Amino acid sequence: MMKNNIIVVGAGGAGLVAALNAHASGAQVIVITKEYPTRSQTCMAQGGINAALSNAGEDSVESHIQNTLKSAHGLADEDAVRFLCEAAPEAVEWLDSIGVPFSRTKDSKIAQRTLGGASAARACYAQDYTGLKILHTLYDRCLAAGIEILSERYLLECLTNKDKNSASYVCGVSVLNKRNGEIEVYKAASVILATGGYSRIFHKHSTNSVSSTGDGIASALRAGARLSDMEFVQFHPTALRSSSILISESARGAGGFLLNSKGERFTNELAPRDEVARAIDEEIAKGEDVFLDIRHLGAEFIDGELPQERKLAKLYENIDPVHELIPIKSVAHYSMGGIEVDKNSSTIVEGLYAAGECANHKVHGANRLGGNSLLELVVFGKQAGENAAKYAKGFNKELEFSEQKSSSEKLIQELKNLPNEINFYEKHDLLGEIFYKNVGIRRDALALKDALTEIKKLIEELPFMGVGDKSKECNTNLIEFIEFKNMLELSELTLISAICRDESRGAHFRADKPYEDNEKFRAHSIINRDGVVSYED
Amino acid sequence: MKINIKRDVVVEYEVDLHNKTLLEVLNEIKTTIDSSLTFSSGCRSSVCGSCSMRVNGKEVLACSYHAKDGDLVEPLKNSEVIRDLVVNMDRAYSFNVRAKTWQSSTATNVSLTQEDEKINEIQSDCILCGSCYSACPVYAVNGEFLGPFSLTRVWRYVSDKRETDAKEKIDTIQTNGVWDCTLCNECTLVCPQDISSKADIEKLRARSSMAGYMDPNFGSFGGGFFSGDDGSPSF
């Protein structure tokens with residue numbers, strides 16, 4: 001029996017905040033990451049973190065709540081949103097107290113900027129490196145606390161046992177040590193998943209890191225957790241056209257325009273992301289190219305507030321936004337859906353918690369507001385860490401799972417033995433193209449069903465795929481194959497959820513049903529492993 | 001385009017790509033020619049630090065370097081090569097712990113001005129890619145040297161008004177720290193974020209002197225209270 005120890009999977013913002021808070025609550029914590037800490041998706045967040053501080057004009061917590069609820073299109077849990085927005089000022093104050101180098105106003109307050117769908121300048125920022133600077137400061141805090149972080153371990157399964165009443169409880173994780181190829185099992189009274197989203201399903205049409213492959217979500221599902229709102233994937237309006245690299249919403253918040261080939265503006269640039277992405281998509285469907293224009297903001301402002309945007313545009317689009325238009329398109333950016341958790345950040349599997357993008361705390365609903373994702377990882381990371389620590393303290397069950405290590409070993413061997421007649425990398429390209437075309441900004445029943453047929457075909461072809469690299473040490477080919485398998489699993493569930501939601505709501509826009517059907521669908525979709533969808537308030 | 005990649009031996013690959021980043025070229029090789037080629041990547045946008053490696057002897061991020069015909073691609077130096085272009089970063093990362101790169105305690109009611117914020121704006125852009133440890137000739141011969149990114153990180157916290165025990169931070173970096181650097185500036189030249197650890201080390205030396213520390217190397221040159229040409233102050 002092991003008491004009081006917690007495994008956190010994922011070393012992005014949510015994972016590190018959870019680890020810090022679990023540690024502060026007296027738990028023994030180990031953080032496991034498939035990369036190194038500081039290399040997660042969080043470092044790519046640019047725009048800011050929302051909190052109604054009124055540092056740059058009048059604002060209120062109530063406005064933050066109302067903006068968030070409105071953007072969620074009736075699908076957010078109002079209590080959860082209230083909790084998030086009320087906790088926001090304290091969250092930012094805490095980040096400030098541990099040394100996050102926020103940009104400042106002339107009167108020495110934390111600087112704030114306006115993002116889409118916000119009624120005030122609410123996003124606290126550090127130039128356009130907000131996520132990077134928050135993440136690195138959190139990492140330094142973990143070092144100060146002496147929290148053990150194990151890098152380059154890839155999550156295979158959340159391990160579970162059944163208690164006397166045959167209810168599942170978590171008892172650890174199995175991971176593949178990327179360096180030496182060994183399966184490692186970590187026993188724990190509680191596990192917190194902070195593993196990020198699944199937008200890499202869209203492959204080249206995503207702003208995300210190549211690591212956003214939904215590993216934690218897929219493993220939670222296999223361990224008995226429920227997934228919800230999987231059909232809601234946010235498209236970010238402005239990614240660089242040729243590389244899908246993110247250009248922050250703060251460029252529009254500062255006054256940037258969206259223009260078509262004729263040089264005309266065609267939408268309110270500061271509407272919520274679902275609306276702006278659709279407007280861009282419509283222009284492109286008409287044959288227009290779409291550009292972001294920030295030339296009028298001037299070199300001094302751009303270098304001071306948006307240095308990364310200028311660098312990225314130069315590097316990846318070969319244009320200088322101080323003098324030229326930035327060619328853009330909208331691509332997959334954020335998973336609103338994910339592992340269903342309750343108001344304690346707990347899944348239905350006892351002892352299994354989730355926070356950050358992998359979790360669905362029901363605060364984003366059908367469309368997330370910019371600046372709320374960095375906020376959620378601080379607020380709910382803390383909640384998950386504290387509650388997991390409390391649970392672990394009272395843990396008194398058995399941690400026996402001798403079979404599970406050998407079953408993970410068997411799985412790896414089976415994957416290596418596959419014939420590799422079909423190149424799964426080509427199939428990942430195909431998956432991305434299908435999703436971008438059929439499951440993107442504009443969906444309809446026919447296109448979704450076609451996509452599902454294609455995905456089922458890919459799943460049937462899995463036994464003919466495999467890896468060319470059979471080596472044990474540092475086999476990234478093998479890990480990428482397992483990631484692909486996880487993405488395929490989640491693709492199917494995303495599609496089924498999207499087909500079942502026979503209406504339009506937020507990021508889920510059905511051209512064949514272009515209206516909200518509140519009677520039937522003002523509810524969260526829940527999907528189980530067999531692909532059965534139900535709806536709950 | 002032909003690309004040479006240092007694996008167990010140097011292997012030449014030919015790909016039909018032009019004007020692409022090295023990361024795109026490596027991905028093309030891995031997904032279509034040789035799935036065993038091993039490298040790390042993440043954000044593709046030069047902010048996560050995963051794909052640092054060397055091209056023709058110089059440290060770059062694969063995602064921000066445009067590959068050219070005949071390039072020789074090698075792993076970072078001064079770290080254990082795990083496989084092909086993947087090195088073990090644990091040792092370099094461990095210097096952050098040894099150099100105590102964090103704020104000593106949580107701060108309350110400390111107000112920072114725009115000028116305060118600018119003091120360590122660039123330093124806090126660091127992505128821990130490790131290019132500077134690969135390029136550092138001191139680290140190459142002294143594996144205990146705290147090294148460029150961790151010293152830059154120390155400066156980040158020491159220079160911040162929220163740090164209440166800067167003296168302890170300065171105490172920590174005297175051995176295998178600021179005085180071991182030769183100020184050769186190699187770290188600055190390879191930093192993808194335009195950070196100069198050399199300049200940060202000079203500033204830490206000045207702080208060290210103010211705290212009563214002296215350059216231990218002066219003694220051996222028969223010096224004492226004279227300024228070296230390394231920028232440290234004389235008094």
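Per chain, residue numbering runs from 1 following the sequence as it is written. Starting at A for chains and at 1 for ligands, labels are handed out in the order in which the entities are written. The predicted origin of the model limits local features to residues at a pLDDT of at least 70 and limits the giving and counting of side-chain atom pairs to 80 or more, whereas totals for whole chains, interfaces and linings rest on all residues. Values shown for side chains rest on all heavy atoms present in the structure; no hydrogens or waters enter the calculation.

With that out of the way, let us pick up the nonpolar core. For soluble globular proteins, nonpolar side chains are generally found buried alongside one another. The set of buried Ala, Val, Leu, Ile, Met, Phe, Trp, Tyr and Cys residues whose side-chain atoms join them within 4.5 Å is what this entry labels a nonpolar core. Note on exposure labels: buried denotes an accessible area under 20% of the residue type's maximum, exposed denotes more than 50%, and partly exposed covers the range between, all computed with a 1.4 Å probe on protein chains only. Counting 151 residues, the largest nonpolar core has Ile6(A), Ile49(A), Leu95(A), Ile5(B), Leu22(B), Leu26(B) and Leu204(B) as its most contacted members. By the criteria applied, helices consist of DSSP H or I runs no shorter than four residues and strands consist of E runs no shorter than two, each listed in order from the N terminus. Looking at this core element by element, the count peaks at eleven residues for helix 10 (residues 372-393) of chain A. Excluding its chain neighbours within four sequence positions, the residues that come into contact with Ile5(B) are Val10(B), Val11(B), Tyr13(B), Leu26(B), Ile29(B), Leu37(B), Val73(B) and Leu85(B). Judged by nonpolar contacts, the second largest core, of 73 residues, contains Ile32(A), Leu150(A), Ala354(A) and Leu448(A). Whether two residues are in contact is decided by their heavy atoms, any of which lying within 4.5 Å being enough.

So, about the confidence of the model for chain B. When pLDDT is low, close inspection of the predicted coordinates is not appropriate. All names here are of chain B. Of all residues in chain B, 93% have pLDDT values of 70 or greater, and the mean over the chain is 93. What pLDDT reports is the predictor's confidence in each residue, on a scale of 0 through 100. Long-range and interchain partners of residues 221-235, a stretch whose pLDDT sits below 50, account for 21 contacts in this model, where long-range means more than four residues apart. Here the complex is predicted with pTM 0.96, and the ipTM for its interfaces comes to 0.96.

Moving on: the pattern of salt bridges. Where charged atoms from two side chains of opposite charge come close, those side chains can pair. All names here are of chain A. One side-chain nitrogen of Lys or Arg within 4 Å of one carboxyl oxygen of Asp or Glu is enough to make a salt bridge. Going through the model one piece at a time under the given rule, you end up with 55 salt bridges over all chains. Note that Glu483 is salt-bridged to Lys34, the shortest N-O span being 2.7 Å. Of this pair, Glu483 sits in helix 14 (residues 476-500) while Lys34 sits in the loop between strand 2 (28-32) and strand 3 (49-50), and the two are 449 residues apart along the sequence. Exposure remark for Glu483: the relative accessible area of 9% places this residue in the buried category. Assessed through its relative accessible area of 13%, Lys34 is described here as buried. Note that Arg510 and Asp512 form a salt bridge whose closest N and O atoms lie 2.9 Å from each other. Residue Asp512 is classed as partly exposed on the basis of its relative accessible area, which comes to 33%.

Residue and element names in this part refer to chain A. Centres within 6.5 Å make a pair out of two Phe, Tyr or Trp rings, where for Trp the six-membered ring is used; the pair is then stacked when the planes are under 30 degrees apart, edge-to-face when over 60, and tilted otherwise. For the structure on display, the rule yields 18 aromatic pairs over all chains. For the ring pair Phe202 and Phe235, a centre distance of 5.3 Å and an interplane angle of 90° mean the geometry is edge-to-face. Of this pair, Phe202 sits in the loop between strand 10 (190-193) and helix 5 (215-222) while Phe235 sits in strand 12 (residues 233-240), and the two are 33 residues apart along the sequence. Overall, the relative accessible area of 2% leaves Phe202 in the buried class. On the accessibility criterion, Phe235 (5% relative accessible area) is buried.

What follows is about unusual backbone geometry. Only a minority of non-glycine residues have a phi that is not negative, and only a minority of peptide bonds are not trans. Residues and elements named next belong to chain B. The residue Asn78 is not glycine, and still its phi comes out positive at about 65°. With respect to the helices and strands, the residue Asn78 is situated in the loop between strand 5 (71-74) and strand 6 (81-83). Unlike most non-glycine residues, Asn176 shows phi in positive territory, near 50°. By the secondary structure assignment, Asn176 is in the loop between helix 7 (166-172) and helix 8 (186-190).

So, about the environment of Asp128(A). Residues and elements named next belong to chain A. Turning to its location among the elements, Asp128 is positioned in the loop between strand 5 (123-124) and helix 4 (130-145). Its relative accessible area of 0% is what places Asp128 among the buried residues. In the structure, Asp128 is positioned 181 residues away from Glu309 in sequence and 7.5 Å away in space, judged by C-alpha atoms. Other than its neighbours up to four places away in sequence, Asp128 contacts Gln46, Arg113, Glu305, Leu306, Pro307, Gln308 and Glu309.

What follows concerns the sheet that holds strand 6 (residues 148-150) of chain A. Residue and element names in this part refer to chain A. Strands sit in the order 6-2-1-10-17 across an open sheet of five strands; the sheet is parallel. Edge positions in the sheet fall to strand 6 and strand 17 (352-354), since each has one partner strand and no second. Between one strand axis and the next, the sheet turns through 20° on average, direction left out of account. Across four bridges, strand 1 (residues 5-9) lies against strand 10 in parallel orientation. From the neighbouring strand, Val9 faces strand 10, where its bridge partner is Leu193. Note on pairing: DSSP must find at least two bridges between two strands before they are called paired. Here the axes come from fitting lines to C-alpha atoms, over the contacting stretch only for helices, and the angles between their N-to-C directions go from 0 to 180 degrees.

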